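Each chain is listed here by its residues.
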Amino acid sequence: MRVGVMVGSDKERPRGDRLAGLVADGVAAEGAGFTTFWMPQVPGYLDAMTAVALIGQATERIEIGTAVVPIQTRHPMIMAQQALTTQVACGGRFTLGIGPSHHWIVNGQLGLPYDRPARLMGDYLDVLDASFAGPGAVDVDNRSYCVHSPVDVTDTHGVPVLLSALGPTMLRLAGERAGGTILWMADERAIGDHVVPRITAAADGAGRPAPRIVAGVPVALCSNGEADDARAYASEVLGHADFSPNYVRLLSHGDAQDVGDTMAAGDESAILARLRRYRDAGATDLAARIVPLGKDAPERSESRLRTQEFLSSLCPQL
């Protein structure tokens, strides 16, 4: 299992320092030996692909990906243009993670329709596939898009695509038509019993390589006596599952009740044991979301550094 890190919105930094700080985080992750650096598209925060392009210019080796960009907010041709440009900036180290997001973001915050998201994803992939095939004309007519447009960005780089696939239909698409899935709020049993069999069967049936299964896992290094409090804190700061029915359905396939229950928390041996269970369940990649603990910013900064240093000792593979 390849070991990478996932970042989120950083409320500790002043707004004017956040972009430069994020680039510095990417550079530090590469220096620490992590294989991947994942950035979600957080509502109202820094644009993920813009930040990834800048990190790509500042690094040399590490894979950099989005985890994930909602598809409803960008026409697939615009997504393709931006992704190809980002790939050039990253020298071929960019992976595009996309997903249908959630109703409370797409409809509640943006006023866009959230109808049949899995079907929309299939139509979206038609356009991305044609756009990533190389320079030339993109001609796609399907249920959602009518595209007749040139693409002329690069003839040396494609763009690997991973899907935020939680349910059966999305997992089938991720296996048949993408390189795999990026997960959040999936515990070991949900991965082993639900995700792996479905996505692997879909990839096998389509004659595609074994899919990547990127497990987003909160991590906090602390005493074992503090682990339960760390899990409760993670559920508070990372967002309760009950806001998103998609996550609730995914959790039903495992033992976790909320995001904190998916967390690797405790001392070094406890964290290592939990991460090994994710690996043994079938995760090919770890996207560790470090959750810093402490009563103030200096304590949380120290906690983050301790956790990152321990995770880096497990690199590049667990």
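Residues numbered from 1 in each chain as written. Predicted model: local features only at pLDDT ≥ 70, side-chain atom pairs only at ≥ 80, totals over all residues. Heavy atoms only, no water.

Trainee: Tell me about the pattern of salt bridges, and please be specific about residues and values.
Mentor: Oppositely charged side chains may form a pair once their charged atoms are brought near each other. Taken as a whole, this structure holds 18 salt bridges when the rule is applied. The residue D47 makes a salt bridge to R74 at a minimum N-O spacing of 2.4 Å. Linking D47 in the loop between β2 (36-39) and α2 (48-58) with R74 in the loop between β4 (69-70) and α3 (76-89), this pair joins segments that are 27 residues apart in sequence. With its nearest N and O atoms 3.0 Å apart, the salt bridge here joins D129 to R177. Linking D129 in helix α5 (residues 117-131) with R177 in helix α6 (residues 168-177), this pair joins segments that are 48 residues apart in sequence. Take D129: its relative accessible area is 38%, and that puts it in the partly exposed class. Among the charged side chains, a salt-bridge network with shared partners connects R2, E63, R212 and D285. (Salt bridge = Lys/Arg side-chain N within 4 Å of Asp/Glu carboxyl O. Helix = DSSP H or I, 4+ residues; strand = E, 2+ residues; numbered from the N terminus. Buried < 20%, exposed > 50% of the residue type's maximum accessible area, 1.4 Å probe, protein only.)

Trainee: Kindly report on α5, identifying the contributing residues and their values.
Mentor: For α5, built from 15 residues, the straight-helix expectation of 21 Å at 1.5 Å per residue is met to within 8% by its first-to-last C-alpha distance of 21 Å. Every buried residue of α5 is accounted for by L120, M121, G122, D123, Y124, L125, V127, L128 and S131. Against α3, β5 (94-99), β6 (136-141), β7 (146-151), β8 (161-163) and α6 lie the buried residues of α5. (Expected span 1.5 Å × (residues − 1). Contact = heavy atoms within 4.5 Å.)

Trainee: Run through the environment of D285, naming residues and quoting values.
Mentor: For D285, the location among the structural elements is in strand β12 (residues 285-290). In contact with D285, not counting residues within four places along its chain, are M1, R2, R212, I213, V214 and A215. Within the structure, the side chain of D285 is placed 2.9 Å from the side chain of R2, a separation counted as a polar contact. A polar contact of 2.7 Å, which involves the side chain of D285, links it to the side chain of T284. (Polar contact = N/O pair within 3.5 Å; in protein donor to acceptor, adjacent residues only side chain to side chain.)

Trainee: With reference to specific residues and values, describe the layout of surface pockets.
Mentor: By volume, the second largest pocket is sized at about 180 Å³. I71, Q72, L112, P113, D115, R116, R119, L120, S144 and Y145 together form the lining of the second largest pocket. (1 Å grid on protein atoms, 1.4 Å probe; cavity = no way out; pocket = protein on both sides within 12 Å on 5 of 7 lines; lining within 4 Å. Points joined across faces, edges and corners; volume = space filled by probe spheres on them.)

Trainee: Any chance you could break down the UniProt feature "domain: Luciferase-like" (unreviewed entry) in the chain for me, citing the residues and the numbers?
Mentor: Here, UniProt's "domain: Luciferase-like" (unreviewed entry) annotation points to residues 7-283. This span, residues 7-283, is 43% helix and 18% strand, and a straight line between its end C-alpha atoms measures 19 Å. (UniProt positions renumbered as here; feature names shortened; annotations may be inferred.)

Trainee: Which residues make up unusual backbone geometry, and what values do they have?
Mentor: Among all residues except glycine, the phi angle is most often negative; among peptide bonds, the trans geometry is most common. The linkage connecting A67 with the following residue, V68, adopts the cis geometry, with an omega of 5 degrees. Along the chain, V68 turns up in the loop between β3 (63-66) and β4. That bond from C315 to P316 is cis: its omega, 0 degrees, falls within 30 degrees of zero. Of note in this structure, R116 is not a glycine but carries a positive phi near 45 degrees. Summarising the element assignment, R116 is placed in the loop between α4 (103-106) and α5. Phi at M185 is positive, roughly 65 degrees, even though this residue is not glycine. Along the polypeptide, M185 turns up in the loop between β9 (180-184) and α7 (188-205).

Trainee: Please set out the packing of aromatic side chains residue by residue, giving values where relevant.
Mentor: Scanning all chains against the criterion turns up 1 aromatic pair. A ring pair is formed by Y124 and Y145, whose centres lie 6.0 Å apart and whose planes are at 75 degrees; its orientation type is edge-to-face. Of the two residues, Y124 is situated in helix α5 and Y145 in the loop between β6 and β7; the sequence distance between them amounts to 21 residues. (Phe/Tyr/Trp six-rings, centres within 6.5 Å; stacked < 30°, edge-to-face > 60°.)

Trainee: Mind laying out the side chain of E188, listing which residues take part and the relevant values?
Mentor: Its place among the elements puts E188 in helix α7. Aside from chain neighbours lying at most four places away, what touches E188 is R274, R277, Y278 and A281.

Trainee: Break down α2 for me, with residues and values.
Mentor: Among the residues of α2, A48, M49, A51, V52, A53, I55 and G56 are the ones counted as buried. Tucked into the core, α2 has its buried residues touching α1 (18-31), β2, β3, α3 and β5. Looking at where α2 begins, the residue whose side-chain oxygen comes 3.5 Å from the main-chain nitrogen of M49 is D47.

Trainee: Account for the pairing of β6, with residues named and values stated.
Mentor: Looking at chain direction, β6 and β7 are connected through 6 bridges and run antiparallel. Bridging across to β7, G136 finds its partner in V151. Between the antiparallel neighbours β6 and β7 lie 4 residues. (Pairing = 2+ DSSP bridges.)

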